[in-house]
Amino acid sequence: MRLSRLCLMVFLCSLSASPLAWATSPPRSENGLALTPPMGFNDWAHYGCHISQRLFVKTAQALLRTGLARLGYRDVNIDDCWMARHRNAYGQLVARRTLFPRGLKWLGHYLHAHGLKFGIYEDAGYKTCQGRPGMYGHIREDVRTFAAWGVDYLKLDYCDPPMNRYPGLDFSQVAHRVYGAVSRALRHSGRAIVFSCSPPAYVYGQPKAYAEVMSWIGSVCNLWRTDDDVYDAWKSILANYQGNVGLWRYAHPGAWNDPDMLEVGNPGLTLCEQRTQFSLWAEMAAPLLISTDVAHLSPQALAILSNRAVIAVDQDPLGVEARRVRREGPIDILSRPLVGGAHAVVFFNRGPAVARATVRLTTLGIRRGPVLLRNLWTGKAAVARDRITVRVASHGVVMFRIRSVGSHPAIRPAPTRADWVHN
Ligand code: GLA
């Protein structure tokens, strides 16, 4: 990728007061799980049905070897296609022997023995999206099976909903009943199992049905897919960002909007775009689920996934998803409060050319300057008194952690102007 050099100018200007208020004491999740967004691996976006025991073992080893597991990427999640076409004589789900010769209980053990977690995929309806047996009619026994295999995370899709069993009920009402039943079964399973749900994604683009589903999803699920399936192209990243960015009010510790997996490491995005997806997902408190060949990550992709400062934004314990506080031409400006009074801010350029934007601190939800800005991709710092001006590469971001200078006495008098390099 071509490197583009960008400048950020921080103007020291006069103070003004801020009336912007944000949620202060978020509710907790019902099952007490996923108090920060899940982090780990899911095979689907990169591998589809080409999965095997070997892939998950290799991925687990790579997560450990690269240091990604230490940074929090510990969920190793199997997506669709793991199960045989038919249940066994006792009505139980079985893994495909050819793909998982040692079975999934063994795989769960293997992951746990290495300090990792084990996630699995199913569908709440009759069939999964790849035509494998769904959970409907088998909820309790399937949850028992998952618990016996040591599952820590269930992604429950909704490809083939059992609408015919609930005459007179609409999509949202049926989904609420079915997912509610699974949620209860999980809570009684004897294991702590994070619950990832898909219904909103199936009514994406239908405002009424979407609003109905969103009204209950956070009381049943720990996270939920908000958009179409992500794929390895800028168009898809932009679409899933647009679908997610207005949903901040639904997110809180234990309950997260999920714009789908990370494409970092895959060839369809430039490194700049990969950095952008990672920054936007962290700003939106999204799950960080890698979907690429972790064993062969380039040093650049590994560096993106390993950016501790950006991960810390995603994992901030306050759990408040960013709001888009302003749009200026092609630049979206997002801000979220962090624990301890800091803020994370992203300037995102959707457009085809370098662009520039200015924003007042008050618009970002920051009461008063001066503040210290730390650029989370360059590490450079500067001070601003009441507004920030940035130039941002096409499809790029400038991302800051911002805190009051007052709370950091060690900070020396600031430059009036700082130059930033954004690759
Ligand atoms: C749906 C989901 C994807 C993936 C596939 C598997 O499309 O949205 O994330 O799980 O099913 O078939």
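Since we're looking at a predicted model, the values are computed, not measured.

On to the packing of helix 2 (residues 53-65) against helix 3 (residues 103-113). Here helix 2 crosses helix 3 at 5°, and the two axes come no closer than 11 Å. In this view, helix 2 runs roughly parallel relative to helix 3, as classed from their interaxial angle. Contacts from Gln53, Phe56, Val57, Ala60 and Gln61 of helix 2 reach helix 3 at Gly103, Trp106, Leu107, Tyr110 and Leu111. Residue classes in the contact of helix 2 with helix 3 are distributed as seven nonpolar, three polar and no charged.

All right, on to the state of the cysteines then. One covalent bond between the sulfur atoms of two cysteine residues makes up a disulfide. Taken as a whole and assessed by the stated rule, the structure comprises three disulfides. Note on cysteine connectivity: Cys129 is disulfide-linked to Cys159, with sulfurs 2.1 Å apart. Between Cys129 and Cys159, the S-S dihedral sits near 105°, and the bridge is therefore right-handed. Taken together, the residues span a long stretch of sequence, with Cys129 in the loop between strand 4 (117-123) and helix 4 (139-149) and Cys159 in the loop between strand 5 (153-157) and helix 5 (171-187) at a distance of 30 residues. Judged by its relative accessible area of 31%, Cys129 falls in the partly exposed class. Here Cys159 falls in the partly exposed class, since its relative accessible area comes to 34%. The cystine pairing of the chain, numbering bonded cysteines in sequence order, is 1-2, 3-4, 5-6.

Glancing now at the sheet that holds strand 3 (residues 75-77). Across the sheet, which stays open at both edges, the eight strands sit in the order 8-7-6-5-4-3-2-9 with parallel pairing between neighbours. Pairing within the sheet leaves two strands with one partner each, and these edge strands are strand 8 (256-258) and strand 9 (288-290). The average angle at which neighbouring strand axes cross in this sheet is 25°, direction not considered. Pairing between strand 2 (residues 39-42) and strand 9: three bridges, direction parallel. Paired with Met39 across the two strands is Leu288, which belongs to strand 9.

Our focus in this paragraph is the site of the ligand. In the region of the ligand, the neighbouring residues are Trp44, Asp79, Asp80, Tyr121, Cys129, Gln130, Lys155, Asp157, Tyr202, Arg225 and Asp229. The contact in question runs from an oxygen atom of the ligand to an N or O atom on the side chain of Asp229, over 2.6 Å. Contact with the protein chains hides 92% of the accessible area of the ligand, taken as 310 Å² for the molecule alone. When grouped by side-chain class, the residues that make up the shell around the ligand number four nonpolar, one polar and six charged.

Hydrogen bonds between backbone atoms are what pair the strands of a sheet, whose relative direction is either parallel or antiparallel. Pairing is antiparallel across the open sheet formed by six strands, whose spatial order is 10-11-12-17-14-15. One side of each edge strand has no neighbouring strand; the edge strands of this open sheet are strand 10 (323-328) and strand 15 (381-384). Across the sheet, the mean angle from the axis of one strand to that of its neighbour is 25°, orientation sign disregarded. Taken together, the five bridges between strand 14 (residues 371-375) and strand 17 (residues 397-404) define a ladder with antiparallel strand orientation. Across the sheet, Val371 pairs through a bridge with Ser404, a residue of strand 17. Across the sheet, helix 9 (residues 271-283) is in contact with strand 11 (331-337), strand 12 (343-349) and strand 17; its angle to strand 12 comes to roughly 140°.

Now for the packing of aromatic side chains. How two aromatic rings sit relative to each other is set out by the distance from centre to centre and by the angle between their planes. Applying the stated rule across the entire model yields 16 aromatic pairs. Both rings, one in Phe146 and one in Trp149, keep their centres 6.3 Å apart while their planes meet at 55°; by these two values the pair is tilted. Here Trp149 and Phe146 lie together in helix 4, a separation of three residues that amounts to about one turn. Judged by relative accessible area, which is 1%, Phe146 ranks as buried. An aromatic cluster is defined as three or more aromatic residues linked by ring pairs; in this entry it consists of Tyr158, Phe171, Tyr179 and Phe195. Note that Arg249 overlies the ring of Trp248, its terminal NZ or CZ placed 4.9 Å from the centroid. Directly above the ring of Trp377 sits Arg275, whose terminal nitrogen or CZ lies 5.8 Å from the centroid.

Before going further, it helps to examine the environment of Trp44. Looking at where Trp44 falls in the secondary structure, it is placed in helix 1 (residues 44-47). For the pair Trp44 and Asp229, spaced 185 residues apart in sequence, the C-alpha separation works out to 9.6 Å. In contact with Trp44, not counting residues within four places along its chain, are Cys49, Asp79, Asp80, Cys81, Gln130, Asp229, Met261 and Ser291.

Attention now goes to the pattern of salt bridges. Between side chains of opposite charge, pairing is possible as soon as their charged atoms come close. Applying the stated rule across the entire model yields 13 salt bridges. The residue Lys208 makes a salt bridge to Glu212 at a minimum N-O spacing of 3.0 Å. Pair noted here: Lys208 and Glu212 are both in helix 7 (residues 207-220), with a separation of four residues, about one helical turn. Judged by its relative accessible area of 25%, Glu212 is partly exposed.

With omega at 0°, the peptide bond leading from Gly369 into Pro370 counts as cis. Here Pro370 lies in the loop between strand 13 (355-360) and strand 14. Positive phi outside glycine occurs at Ala285, with the angle close to 50°. Structurally, Ala285 can be placed in the loop between helix 9 and strand 9. The backbone of His395 sits at a positive phi, close to 65°, despite the residue not being glycine.

Conventions used here
- Residues numbered from 1 in each chain as written.
- Predicted model: local features only at pLDDT ≥ 70, side-chain atom pairs only at ≥ 80, totals over all residues.
- Heavy atoms only, no water.
- Axes fitted to C-alpha atoms, helices over the stretch in contact; angles between N-to-C directions.
- Helix = DSSP H or I, 4+ residues; strand = E, 2+ residues; numbered from the N terminus.
- Parallel < 35°, antiparallel > 145°, perpendicular 65-115°, else oblique.
- Contact = heavy atoms within 4.5 Å.
- Nonpolar A, V, L, I, M, F, W, Y, C, P; charged D, E, K, R; others polar.
- Disulfide = S-S within 2.5 Å.
- Buried < 20%, exposed > 50% of the residue type's maximum accessible area, 1.4 Å probe, protein only.
- Pairing = 2+ DSSP bridges.
- Near = heavy atom within 4 Å.
- Polar contact = N/O pair within 3.5 Å; in protein donor to acceptor, adjacent residues only side chain to side chain.
- Areas by Shrake-Rupley, 256 points an atom, 1.4 Å probe, with all protein chains shown as cover.
- Phe/Tyr/Trp six-rings, centres within 6.5 Å; stacked < 30°, edge-to-face > 60°.
- Lys NZ or Arg CZ within 6 Å of the ring centre and 35° of its normal.
- Salt bridge = Lys/Arg side-chain N within 4 Å of Asp/Glu carboxyl O.

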